[in-house]
Amino acid sequence: MNVMSLDRPLTPDELETALQRIGAARYHNLHPFHKALHGGELQRGQVQAWALNRYYYQSRIPAKDASLIARLPTAGLRREWRRRLVDHDGDAPGTGGVARWLKLAEGVGLDRAYVESCEGLLPGTRFAVDAYVNFVSERPILEGIASSLTEMFSPTIISERVSGMLANYDWITRETLAYFTPRLTQAPRDVNFALAYVKEHARTPAEQHGVLAALGFKCDVLWAQLDALHFAYVSPGWIPPGAFVPEAHE
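Numbering of residues starts from 1 in each chain and follows the order in which that chain's sequence is written. In keeping with the predicted nature of the model, local features appear solely for residues at pLDDT of at least 70, side-chain atom pairs appear and are counted solely at 80 or more, and the whole-chain, interface and lining totals rest on all residues. Only hydrogens and water are set aside; all other atoms, that is, all heavy atoms of the structure, feed into the side-chain values.

Caption draft 1: Region of the structure containing the overall build of the protein chain. Helix and strand labels come from DSSP, where a helix needs a run of H or I of at least four residues and a strand needs a run of E of at least two; each type is numbered from the N terminus. For the protein chain, the helix and strand inventory stands at 11 helices and 0 strands. In the protein chain, the succession of helices and strands from N to C terminus is α-α-α-α-α-α-α-α-α-α-α. A compact globule built from 250 residues should have a C-alpha radius of gyration of about 18 Å, and the protein chain, at 18 Å, falls within 12% of that. Expressed as a percentage of the 250 residues in the protein chain, the buried residues total 52%. Here the contacts in the protein chain between residues at least 6 apart in sequence split such that 79% fall between residues at least 24 apart. Two things to know: the radius of gyration comes from C-alpha atoms, and the globule rule equals 2.2 Å times the number of residues to the power 0.38. Burial classes follow relative accessibility: with a 1.4 Å probe on protein chains only, a residue under 20% of its type's maximum area counts as buried, one over 50% as exposed, and anything between as partly exposed. Contacts are residue-level and defined by heavy atoms, with any inter-residue pair within 4.5 Å sufficient.

Caption draft 2: Seen up close, the packing of aromatic side chains. Between 30 and 60 degrees the pair is tilted, below 30 it is stacked and above 60 it is edge-to-face, where a pair is any two Phe, Tyr or Trp rings, Trp via its six-membered ring, whose centres lie within 6.5 Å. Enumeration according to the criterion identifies 13 aromatic pairs in this entry. Measuring from ring centre to ring centre gives 5.4 Å for Tyr27 and Phe153, while their planes differ by 55°; the resulting arrangement is tilted. Note that Tyr27 is positioned in the loop between α1 (12-26) and α2 (32-38) and Phe153 in the loop between α8 (141-146) and α9 (154-168), a separation of 126 residues in sequence. As far as the burial class goes, Tyr27 and Phe153 line up, both buried. Ring centres of Phe193 and Tyr197 lie 6.3 Å apart, and the angle between their planes is 35°; this geometry places the pair in the tilted category. Of this pair, Phe193 and Tyr197 both sit in helix α10 (residues 180-201), separated by 4 residues, roughly a single helical turn. Exposure remark for Phe193: the relative accessible area of 21% places this residue in the partly exposed category.

Caption draft 3: The arrangement of α9 in detail. Expected span of a helix, by definition, is 1.5 Å for each gap between consecutive residues, and there is one gap fewer than residues. The end-to-end C-alpha distance of α9, which contains 15 residues, comes to 21 Å, matching closely the 21 Å that a straight helix rising 1.5 Å per residue would cover. Residues Ser154, Ile157, Ile158, Arg161, Val162, Gly164 and Met165 constitute the buried set of α9. On the buried face of α9, the contacting elements are α2, α3 (44-69) and α10.

Caption draft 4: Region of interest: the nonpolar core. The biggest cluster of nonpolar side chains holds 78 residues, and the ones touching the most others in it are Leu19, Val47, Trp50, Phe180 and Val198. If one sorts the elements of this core by residue count, helix α11 (residues 205-233) sits on top with 12 residues. Take the buried residues of types Ala, Val, Leu, Ile, Met, Phe, Trp, Tyr and Cys, join any two whose side-chain atoms come within 4.5 Å, and each joined set is a nonpolar core.

Caption draft 5: Region of the structure containing the side chain of Arg183. Of note, Arg183 is situated in helix α10. What makes Arg183 buried here is its relative accessible area of 7%. In this structure Arg183 touches Asp87, His88, Glu151, Ile158, Pro188 and Asp190, once residues within four positions along its chain are discounted.

Caption draft 6: Structural context of the packing of α3 against α11. Interaxial angle, 0 to 180 degrees, is taken between N-to-C directions of lines fitted to C-alpha atoms, where a helix line uses only the stretch in contact. α11 packs onto α3 with a crossing angle of 145° between their chain directions and a minimal axis gap of 10 Å. The two elements α3 and α11 meet at a crossing, and its hand is right-handed. Seen from α3, the contacting residues are Gln46, Ala49, Trp50, Asn53, Arg54 and Tyr57; seen from α11, they are Lys218, Leu222, Gln225, Leu229 and Tyr233. Taken together, the residues of the contact of α3 with α11 break down into 6 nonpolar, 3 polar and 2 charged. If you view the pair so one helix is near and one far, a crossing is left-handed when the near helix is turned anticlockwise from the far one by less than a right angle, and right-handed when it is turned clockwise. Charged residues are taken to be Asp, Glu, Lys and Arg, nonpolar residues to be Ala, Val, Leu, Ile, Met, Phe, Trp, Tyr, Cys and Pro, and polar residues to be all remaining types, Gly included.

Encoded structure:
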């Protein structure tokens, strides 16, 4: 992973610009699988494979956030980050982003219990997501917070995803994609806090390099998940043993 070297501290605005450049070059909206998904080029089974594997990422986000909360030094910081847990886990059964993603998976034709079991995951999905959870639990708090800043770029990808999938798949409804509606307000709120924190606390070249590397790493995590999906379900189409096989779940 190549991240710019720093011979002097960046100003806060320069740091934000450097973070934006990483997203512009490396966010997974540039991936061929992403473009095929939104462009209507995938078969139902390939969309199901995406929903199934993405569930693992969604379901592990609360664990990632909980590991960070456990290390935050003040009640104020913990309260702020705790909102993310509620966003994903909900505050009652059947609420929150993970529950909405299960409804998305059911909406594209998958069995809820099978999705929750994670039995059909691609190895690449599991390795990438687990690496992200481990990164946040092991790296400095500043880098853990910075790794969340891929959310700076998520409103654009969400808009593309919803409009593209509704336009190109007549078996997908707005109700199926209801997961994404709250994210249009949650993600910018979370970014405002995380970006302000990073700009305030990343002062030295070493800290700023760590922040930029953390965002680059998170982009790699998202990209690797789509690499795995593309390799298994598009080209060359080599599905690993034990992974989801669309024909077997029709």
